[in-house]
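Residue-level structure breakdown
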Amino acid sequence: MAIDLKPEEVSAILRKQLADFDLEGETYDVGTVLSVGDGIARVHGLSNVMAGELVEFPGGIMGMALNLEEENVGTAIFGSETAVREGDQVKRTGTIASVPAGDQLIGRIVDALGVAIDGGAPISRETMRTIELKAPGIIERQDVKEPLQTGIKVIDALTPVGRGQRELIIGDRKTGKTAIAIDTIINQRGEDVYCFYVAIGQKRSTVVQVHDILKRNGAMEYTTIIAATASDPAPMQFLAPYAGAAMAEHYRDNGRHALIIYDDLTKQAQAYRQLSLLLRRPPGREAYPGDIFYLHSRLLERAAKMSEKMGGGSLTALPIIETQANDVSAYIPTNVISITDGQIFLESNLFNAGQRPAINAGLSVSRVGGDAQIPAMKKTAGSLRLELAQYRELAAFSQFASDLDPATRRQLERGARLMQVMKQNVHSPFPVAKQVAIIFAGTNGYLDDIPVDQVGAFEAQLFDALDATYIDTVRLINKEKALTDEVKAALHQTLTEFKRSFAP
């Protein structure tokens, strides 16, 4: 059977198909791996690659261009370098390293690239943020004036932390630095603060312990853990704090509040030193590269309290630095001290003597000061700092003096009791009203006739009484937030009545 074909119909169909034909080709720059080793690949041919751009190796392994040299590009490999071989093709991606952000990260453990490592569902990559972002400018910020309560008496009283502040936690290993950070996270329950804990170069078992403590205390409901453990490559340890900052900035830039812990930046600096030496960058002091200061300043400057025009959100940073033999004058500690708004200095001698948290109140400082305290705490803690300073001075002097006058003995007796008040168990942060009550008791002589070894029992029973019998006093402190005559009268009455019923 013959088919009746009309030439004009065929021509019309061909014309339409030719008009709709779209010649699309995928174009990308390709380079070749010259050498690979120690987490670094040298790639030839990526002449247009940008610094910080992601590149892709065979098998989906990603890398980041760090050194742009004339003949080749020094690239950090994110993942196992054993899968990358000499002669492999490397593709440009045209994107800067980014991580997912948003509420989907709450309660999760992720790596430095935002990939879930807790065995849960994969994390959606719809909302992404670049890990390297410029810190907010001066006009976009406002003064730090809103307290971020840690729940730790000695910190909230003497070295207060405000929302948007960068307060360094510094000390030797095993002096309780991580415990302070964890307690601060636990104390944010119900405060609408989203917490991020960045573990850099730590044992995986340590990360599991931190997760278990936070989960047990109900803190994983508002916390994300970013882990670049000791077994992860140096590029991941270098990148983890920036990834955590990018995730936390999502809340800061949306008018909400976030807290980030970097535990610890000493290990990040060491990972960056390793990378830099492998990339043949010139070493400086202690073999660190010349831009080691910039490494931490561009990270910590991202913590800020934003202006009302910018939404009023905040990102508070608590970086941790490990010292060797209490040497705060070493290179990395002095660098980070100069960037932050104060430091909490933990001393191994105090820790071994049973003073926990082992915070040296003389060397610790908050450059925000009373602005980050409620007026009631500011007024109560004002005399506390002075009395503790006098006690430290007199305690050193009294070691060499056999006979002390009554006034000196009284000061030493009160100082010893105030040191007991400053002690606190781990993972048991206290609300600010209770802190005000016990410090008020110490500075106003209510503990002077209590035996030193009974101060802890006095505090525990007082806190129970405040929860049960004297709840109105707590409500009054929380309502007034200042040491008004009414609050003072209520505290005096409460402490006088309680002291009568106190049974050691």
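For the structure itself, look to the data block above.
Residues numbered from 1 in each chain as written. Predicted model: local features only at pLDDT ≥ 70, side-chain atom pairs only at ≥ 80, totals over all residues. Heavy atoms only, no water.

1. As for the packing of helix α12 (residues 432-443) against helix α15 (residues 485-501)
This is how the line gets drawn: Only C-alpha atoms enter the line fits that serve as axes; for helices the fit covers just the stretch in contact. Angles between N-to-C directions range over 0 to 180 degrees. Helix and strand definitions follow DSSP, with helices as H or I runs of at least four residues and strands as E runs of at least two, each counted in order from the N terminus. Just so you know how the angles are binned, under 35 degrees is roughly parallel, over 145 roughly antiparallel, 65 to 115 roughly perpendicular, and the rest oblique. Contacts were defined at the residue level, with two residues in contact if any of their heavy atoms lie within 4.5 Å.
Between α12 and α15, the shortest axis-to-axis distance is 11 Å and the interhelical angle comes to 75°. Judged by the inter-axis angle, α12 sits roughly perpendicular to α15. Residues V436, A437, F440 and A441 of α12 form the contact with α15, whose participating residues are K488, L491, H492 and L495.

2. Observations regarding the sheet that holds strand β15 (residues 342-346)
The cut-off we apply is this: Strands pair, by our definition, only if DSSP identifies at least two bridges between them.
Within the open sheet, the eight strands sit side by side as β8-β12-β11-β13-β14-β10-β15-β16. Their pairing is mixed. Strand pairing shows two members of the sheet lacking a second neighbour, β8 (109-110) and β16 (365-366), which therefore form its edges.

3. Some words on the layout of surface pockets
Put simply, the rule reads: A cavity here means a set of 1 Å grid points, computed over protein atoms only, where a 1.4 Å probe fits but cannot escape. A pocket is an open set with protein on both sides within 12 Å along at least 5 of 7 lines, and lining residues have an atom within 4 Å of a point. Grid points are joined across faces, edges and corners, and a volume is the space filled by probe spheres set on the points.
Roughly 620 Å³ of internal volume is contained in the largest pocket. Lining the largest pocket we find 20 residues, and of these K174, T178, Q202, T206 and D263 sit closest to its centre. Elements with a contribution of two residues or more to the lining of the largest pocket: α3 (177-186) and α4 (204-216).

4. Let's talk about empty space enclosed by the protein
Where we set the bar: Under the grouping applied here, Gly and all other residues not named as nonpolar or charged are polar, the nonpolar ones being Ala, Val, Leu, Ile, Met, Phe, Trp, Tyr, Cys and Pro and the charged ones Asp, Glu, Lys and Arg.
Considering all chains together, one arrives at one cavity of 30 Å³ or more under this definition. In this structure, the largest cavity spans a volume of roughly 50 Å³. Together, P147, L148, Q149, D156, P160, V161, A372, Q373, M377 and V432 line the largest cavity. Taken together, the residues that form the lining of the largest cavity break down as seven nonpolar, two polar and one charged.

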